[in-house]
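Reading the structure
Each chain, letter by letter, is given below.
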Amino acid sequence: MKHLIVNANTLEVIEDTTSFTVIEAPSTGMLYRITSQPGLTYIFSYIGVKEDKVSCGQNGDVFITLTNNNTQMYFLLYPNHEVYSDCQTGLAKQVLPTEKILLTKQ
């Protein structure tokens, strides 16, 4: 999965992985399943883009559930918060949303 995260108020790019190759993409290992709610859920293993952030807990599982004839999707990161011994700065801030958000196709 590639992504572009932009601050809606300032239009500042927070993170852009759209130019990454499939191998470089920070979210891999797609798995899908049918849930009790209508729609299909995709699950990606996510690791941050910057190595110092990854070692400080910027990692987890991304859940995307398609709904409303695939015109909307629920999106959230369930962080693992795995911190490795080379982390010198403490727990990194997540750039993906950790609370469920609803995105609508424009």
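These numbers come from a predicted model, not from an experiment.

The rules behind each value
- Residues numbered from 1 in each chain as written.
- Predicted model: local features only at pLDDT ≥ 70, side-chain atom pairs only at ≥ 80, totals over all residues.
- Heavy atoms only, no water.
- Helix = DSSP H or I, 4+ residues; strand = E, 2+ residues; numbered from the N terminus.
- Buried < 20%, exposed > 50% of the residue type's maximum accessible area, 1.4 Å probe, protein only.
- Contact = heavy atoms within 4.5 Å.
- Areas by Shrake-Rupley, 256 points an atom, 1.4 Å probe, with all protein chains shown as cover.
- Core = buried A, V, L, I, M, F, W, Y, C linked by side-chain atoms within 4.5 Å.
- Disulfide = S-S within 2.5 Å.
- pLDDT = per-residue confidence, 0-100.

**As for the overall build of the protein**
Helix and strand counts for the protein stand at one helix and seven strands. Walking the protein from its N terminus toward its C terminus, one meets helices and strands in the order β-β-β-β-α-β-β-β. Per-residue burial for the protein yields a buried fraction of 31% across its 106 residues. Within the protein, counting contacts between residues at least 6 apart in sequence, those at least 24 apart form 40% of the total. In the form shown here, the protein has an accessible surface area of approximately 7300 Å², with 54% of it arising from carbon and sulfur atoms.

**Some details on the nonpolar core**
Within the largest apolar cluster, nine residues are counted, these being Ile5, Phe44, Tyr46, Val62, Ile64, Leu66, Phe75, Leu77 and Leu96. Elements supplying a minimum of two residues to this core: strand E4 (40-47), strand E5 (59-67) and strand E6 (72-79). Residue contributions to this core peak at three residues, all from E5.

**Considerations on unusual backbone geometry**
A negative phi angle characterises most non-glycine residues, just as the trans form characterises most peptide bonds. For Asn68, which is not glycine, the phi torsion reads 55° and is therefore positive. Mapping Asn68 onto the fold places it in the loop between E5 and E6. Notably, His81 is not glycine yet its phi reads approximately 55°, a positive angle.

**So, the state of the cysteines**
Per the counting criterion, the structure on display carries one disulfide. Residue Cys56 pairs covalently with Cys87 via a disulfide, S to S 2.1 Å. Between Cys56 and Cys87, the S-S torsion sits near 110°, and that sign places the bridge as right-handed. Remark: Cys87 occurs in the loop between E6 and strand E7 (101-104) and Cys56 occurs in the loop between helix H1 (51-54) and E5; sequence separation between them is 31 residues. Given the relative accessible area of 3%, Cys56 is considered buried. Taking relative accessible area as the criterion, Cys87 reaches 14% and is therefore assigned buried.

**Brief notes about the confidence of the model for the protein**
With 88% of its residues at a pLDDT of 70 or more, the protein has an overall mean of 83. By mean pLDDT, the top-scoring element of the protein is E7 (92), and the lowest-scoring one is strand E3 (residues 27-34) (62).

**Focus: the environment of Asp61**
With respect to the secondary-structure elements, Asp61 resides in strand E5. Once the C-alpha coordinates of Asp61 and Pro79 are considered, the two residues, 18 residues apart in sequence, prove to be 6.4 Å apart. Not counting residues up to four positions away in its chain, the partners in contact with Asp61 are Ile43, Phe44, Ser45, Leu76, Leu77, Tyr78 and Asn80.

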